[in-house]
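# Coordinate analysis (summary)
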Amino acid sequence: MKEKSPDKELQQAKLDRFCIDHAGVGIYQISEESGKILSVNRQACIDLGYSREELLSMTVFDLDPNFLNAGDKKWHQHRQKIRKKGTGTIETFHKRKDGSLMPVEVTITYLDFDGMPLSFSFARDITRRKTTEKALKESEELFRTTLYSIGDGVITCDTEGKVRNINKVAEELTGWQEEEAKGQPMDKVFRIINEYSRKPVISPVNKVFAEGKIVGLANHTLLLSRDGREIPIADSGAPIFSEEGKITGVVLVFRDQTEERRYQMELEKSRNYLSTLMNNLPGMAFRCKNTPTWDMEFVSSGSEELTGYKPGEIINNQHIAYGNLIHPEDQERVWRNVQKAINKRSSYQVEYRIFTKYGTGKWVWEQGEAVRSDNGEVDVIEGFITDISERKKFEEKLEENDRLKTAFLQNVSHEIRTPLNAILGFTELIRQRDITEAERNDYIEIVQTGGQKLLNILNNVLELSRIETGDLKMTPSIFQVNKLCNEMLAMFTPQTEKKGLTLKFISDEPPSTTIFTDYTKLDQILTNLLNNAIKYTEKGKIEFGYSRREKDFLFFVKDTGIGITKEQQAKVFDRFYRSDDPKAITHDGVGLGLSICLGLINKLGGKIWLESEPGKGTDFYFSLPIH
C-alpha cells in the first residue's frame, strides 16, 4: 500500500478537525478518573460561551450541576452504567459562562482506539425543544383547566369515536364518570333522541368526521342520561386538527336547555297570546321604517281585511309599499304629522284615506310611536291602523243631519209662520162687524186651511220621530187593495181637476185581490206620493196602481212633472231634504214626506225606488210582501 505524504495527512487532519468543529453538537473528551475536559470542539465553545483554552482548564463538574466532584459516587455509578452498555443518553444542564443553564441532551459513547479505551460526550442544545415541550405542557394544562372549568358539557373523542376526556358538567348530564367513559364509544356515552319522534338522532361526531367542519344539533333534541333522565340540550361538534391539517378527533360541546326550553315555551305562549290578540283586533298592527313609503317590516294578519293585501305582500314591499296605498291628497299631511310627533318624542294619531287592493276607498285611523336605538336615532315606528269608514260615514251623516235640521227649522218656521199669520190675521178680520156673511165664510175657510197645514206639519214631524225611535206600531190586516186605491182616486181627483191634470188608477188585478199589511200605513204612503206628484206636476197626467208578483205587490205612482236630477235622486229620501231646483222651491213643504214613506215601507218589509228624467216626470215604485 502506498503511504500518504505528510502534507496530505496534515490536510486530512485539518479536514477532520473542521468537520468535528462544525458538527452542530458539542463534543467533549472527558477523563474517567478526574472528569477533566481533555478536548472540545468549536460548537461546545459557542454553546457555552467559553474559549477552547478555558474549557480545557475545566472539569465536567464545572459544567454539570448534577455532579459535585471526581469523588462523587453518583458520577462514578453513572459512568460505569454507561460503560457497561457502551453508550447512553441523558438530559441534564450545562452551565454557561454567563451563569445561565442550558438544557442539553448528552450521549456518551465508549470507543476503543488502538487498544486504548476512549469516551466522548456529544452534547446537543435542546433549549428550543424544552421551550416547545414547556409550551405544550402549558397548553395541555390550559386545555384541561378549560375543559374542567367550562360551564358546558365537553367530551372529546379520537378518530375511532372513543371517548378521551369528559368534564364534570358532562359527567353530571350523561351520568358517566370520566374514568368509566374513557375508551367507550361516543354513542354509548352520548345518547340522543328527537323529542317528538323519539327516534335516535345521528351523532354530530359522525357528521364532523364526514364533513370536516363544525356542525350543530337539530332543535328538540333530548339527551338520555345513564340514570334515565331526559334532558333537552343544544350542542355542536368541532374537528380537532393536527399540525398537518388531519382530523385527530372531535370535541363535543353541549348544554342543558331545560330552563331555556321553559322560557321558550313561556315566550311562545306569550307570542301566541299577542298574535291571537292582534289577529282578532279590528285592524292591523305594524312595524315600519321611517320613510315616506312606510316600508313595512311586520304587519299582522289584519292587513288582508284592512287593505286586501296579505302580510307577505306588504312586508318589505314584496308587492306594494304601504305608503302607496295612502290617498295622494293625504300623503304629505300624514308624513308631516308623524315627523312632528317624532321630533317631539311623542306618540301620534292621524286619520287618512287609503285605497285597497280592489280599488275601494277607506278611511283609517292610525296611532303609533317611534322606537329609538341606543344612540337615540329612530329605528322603526310601531303602531296600529284600523278602519273608521263607518264612523266617517256616521260623522258625515251627522253633519248632513245638522245641515238638514237647520234647513228644516228654516222651512218649518216659514211653513208655520205663513198659515199662522193667516190664522191670526183673518181671525182678527172675522171679529169685525162690517163684513158680509160671504166674506166671513171665506175668512173662516182660510183659517181652517191654515190650521190643517199646521196640523199636517206637526203630524209629519211626530210620525218621523216615531219611525226613528222605533215607537211606530203596526196593525196588519187583510183588505182589498182596489178598495183603498179607489178611495185615493176619489179623494185626489178634485185636486187634479182643479190643476187641469188627469188622475188615473191602473191595475189588471181582480177587484177582490187582498193584501195582508197595515191599511193606515199604506194609505199614508200613497197619500204622500200622490200629494208630491200633484204638487210638482203642472200639466199632463198622474197614474197610480199596483200589480201582484210571485212574492210581493209592486205599487207605483207616476207623474209628468218637473222630474228629479241624478244628483238629487240620491238625496230625496233624506230627512228635511228639499230640492234646490227653482221650479221646486216655489212649492211649500218641509221635506219629510218621502223620508216617512221610506221609513214606513222599510217597517212593512218592502223597498222603495224611483226613476226620473228632468222635464219629463218621475216614477216612484215600492214593493210590499204578500204576507
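Right, let's walk through the structure included here. (Residues numbered from 1 in each chain as written. Predicted model: local features only at pLDDT ≥ 70, side-chain atom pairs only at ≥ 80, totals over all residues. Heavy atoms only, no water.)

This paragraph deals with the nonpolar core. Here is a general trend for soluble globular proteins: nonpolar side chains tend to be buried in one another's company. Formed by 40 residues in total, the largest nonpolar core has its most connected members in Leu522, Ile525, Leu529, Leu530, Phe544, Phe555 and Phe622. Mapped by element, the contributors of at least two residues to this core are helix 17 (481-498), strand 19 (502-506), helix 18 (519-535), strand 21 (541-548), strand 22 (552-559), helix 21 (593-603), strand 23 (607-613) and strand 24 (617-625). Among the elements that make up this core, the one with the highest residue count is helix 18 (7 residues). The residues contacting Leu529, other than those within four sequence positions of it, are Val557, Leu594, Cys597, Phe620 and Phe622. With 26 residues, the next largest nonpolar core counts Tyr322, Ile342, Val350 and Ala370 among its residues. (Core = buried A, V, L, I, M, F, W, Y, C linked by side-chain atoms within 4.5 Å. Buried < 20%, exposed > 50% of the residue type's maximum accessible area, 1.4 Å probe, protein only. Helix = DSSP H or I, 4+ residues; strand = E, 2+ residues; numbered from the N terminus. Contact = heavy atoms within 4.5 Å.)

Moving on: the pattern of salt bridges. Going through the model one piece at a time under the given rule, you end up with 32 salt bridges. Close ionic contact of Arg287 with Glu297 constitutes a salt bridge, the shortest N to O distance being 3.7 Å. Residue Arg287 is found in strand 13 (residues 284-288), and its partner Glu297 is found in strand 14 (residues 296-299); the two are separated by 10 residues along the sequence. Between Glu395 and Arg391 there is a salt bridge; the shortest N-O distance is 3.0 Å. With Glu395 and Arg391 both in helix 15 (residues 389-430) and 4 residues apart, the pair spans about one turn of that helix. (Salt bridge = Lys/Arg side-chain N within 4 Å of Asp/Glu carboxyl O.)

All right, on to the sheet that holds strand 15 (residues 348-355) then. Pairing is antiparallel across the open sheet formed by 5 strands, whose spatial order is 14-13-17-16-15. Sheet topology places strand 14 and strand 15 at the edges, where each strand pairs with a single neighbour. The mean angle between the axes of side-by-side strands here comes to 30 degrees, regardless of whether they run parallel or antiparallel. Across the face of the sheet, helix 14 (residues 328-343) comes into contact with strand 15, strand 16 (361-372) and strand 17 (378-387) while running at roughly 160 degrees to strand 15. (Pairing = 2+ DSSP bridges. Axes fitted to C-alpha atoms, helices over the stretch in contact; angles between N-to-C directions.)

This part takes up the side chain of Lys392. Considering the arrangement of structural elements, one finds Lys392 in helix 15. Of the residues examined, Lys392 reaches a relative accessible area of 15% and is grouped as buried. Apart from residues no more than four positions distant in its own chain, Lys392 is found in contact with Glu351 and Trp363.

Once that is clear, we can look at the pairing of strand 15. On a regular strand, each side chain points to the face opposite its neighbour's, so the side chains alternate between the two faces of the sheet. Burial along strand 15 is one-sided: Tyr348, Val350, Tyr352 and Ile354 are buried, and none of Gln349, Glu351, Arg353 and Phe355, which face the opposite way, are. One ladder, built from 8 bridges, connects strand 15 with strand 16; its direction is antiparallel. Each residue of the ladder has a partner; that of Ile354, found in strand 16, is Lys362. Linking strand 15 to strand 16, which pair antiparallel, is a turn of 5 residues; within it Gly359 sits at a positive phi near 85 degrees.

Time to look at the sheet that holds strand 23. Judged by pairing direction, the sheet is mixed, and its 5 strands sit side by side in the order 19-21-22-24-23 without closing on themselves. At either end of the open sheet lies a strand with only one pairing partner, and these are strand 19 and strand 23. When strand polarity is set aside, the average angle formed by the axes of neighbouring strands in this sheet is 10 degrees. Bridge count between strand 21 and strand 22: 7 bridges; the pairing is antiparallel. Bridging from a neighbouring strand, Gly545 pairs with Phe556 of strand 22. In this fold helix 17 packs onto strand 19, strand 21 and strand 22, with an angle of close to 175 degrees to the strand it touches most, strand 19.

Relative orientation of the contacting elements helix 18 and helix 21 amounts to 150 degrees, with a least axis distance of 10 Å. With respect to each other, helix 18 and helix 21 are oriented roughly antiparallel. Remark: the crossing between helix 18 and helix 21 carries left-handed chirality. Where helix 18 approaches helix 21, its residues Lys521, Gln524, Ile525, Asn528, Leu529 and Asn532 are matched on the opposing element by Gly593, Leu594, Ile596, Cys597, Leu600 and Ile601. In the contact of helix 18 with helix 21, the residues fall into 7 nonpolar, 4 polar and 1 charged. (Parallel < 35°, antiparallel > 145°, perpendicular 65-115°, else oblique. Left-handed = near helix turned anticlockwise from the far one by under 90°. Nonpolar A, V, L, I, M, F, W, Y, C, P; charged D, E, K, R; others polar.)

Let's shift gears to helix 5 (residues 73-85). Across its 13 residues, helix 5 extends 19 Å between first and last C-alpha, which sits within 8% of the 18 Å expected from 1.5 Å per residue. Three or more residues of helix 5 are buried, namely Trp75, His78, Arg79 and Ile82. Summarising the axial view, the buried residues of helix 5 lie within an arc of 95 degrees, below the 170-degree limit, and thus occupy one face. Every exposed residue of helix 5 that faces more than 90 degrees away from the buried side is listed here: Lys73, Lys81 and Lys84. Just beyond helix 5, the residue with positive phi is Gly86, at close to 95 degrees. (Expected span 1.5 Å × (residues − 1). Arc of directions from axis to C-beta.)

A few words on the packing of helix 17 against helix 18. Between helix 17 and helix 18, the least distance of the axes is 11 Å, while the angle of their chain directions is 30 degrees. It follows from the interaxial angle that helix 17 and helix 18 lie roughly parallel. Judged by the twist between their axes, the crossing of helix 17 over helix 18 is right-handed. Residues Lys483, Leu484, Glu487, Met488, Met491, Phe492, Gln495 and Thr496 of helix 17 form the contact with helix 18, whose own contacting residues are Tyr519, Leu522, Asp523, Leu526, Thr527, Leu530, Asn531 and Ile534. Its residues assigned to classes, the contact of helix 17 with helix 18 comprises 9 nonpolar, 4 polar and 3 charged.

Turning next to the pairing of strand 10 (residues 221-224). Burial along strand 10 is two-sided: the residues Thr221 and Leu223 and Leu222 and Leu224 are all buried. If you look at the hairpin formed by strand 10 and strand 11 (residues 230-241), you'll find 5 residues sitting between the two strands, and Gly228 has a positive phi there, around 95 degrees.

Taken as a whole and judged by the stated rule, the model has 11 aromatic pairs. The interplanar angle of 80 degrees and the centroid separation of 4.8 Å between the aromatic rings of Phe479 and Tyr519 together place this pair among those described as edge-to-face. On the criterion of sequence distance, the pair formed by Phe479 in strand 18 (residues 476-480) and Tyr519 in helix 18 is long-range, its members being 40 residues apart. The class for Tyr519 is partly exposed, based on a relative accessible area of 23%. (Phe/Tyr/Trp six-rings, centres within 6.5 Å; stacked < 30°, edge-to-face > 60°.)

This paragraph deals with the environment of Val481. With respect to the helices, strands and loops of the structure, Val481 is situated in helix 17. Classification of Val481 as buried rests on a relative accessible area of 0%. Sequence-wise, Val481 and Tyr546 are 65 residues apart; in three dimensions their C-alpha atoms are separated by 8.6 Å. Sequence-distant contacts of Val481, that is, excluding residues within four places in its chain, are made with Thr513, Thr514, Ile515, Tyr546, Phe553 and Phe555.

Let us now look at unusual backbone geometry. Positioned with a positive phi, Asn316 is a non-glycine residue whose angle comes to about 55 degrees. Structurally, the position occupied by Asn316 is in the loop between helix 13 (311-314) and helix 14. Positive phi is not limited to glycine here, since Arg345 has a value of about 55 degrees. Note on placement: Arg345 falls in the loop between helix 14 and strand 15. Accessibility expressed as a relative area gives 57% for Arg345, which makes it exposed.

That's the geometry; what it means functionally is another story.
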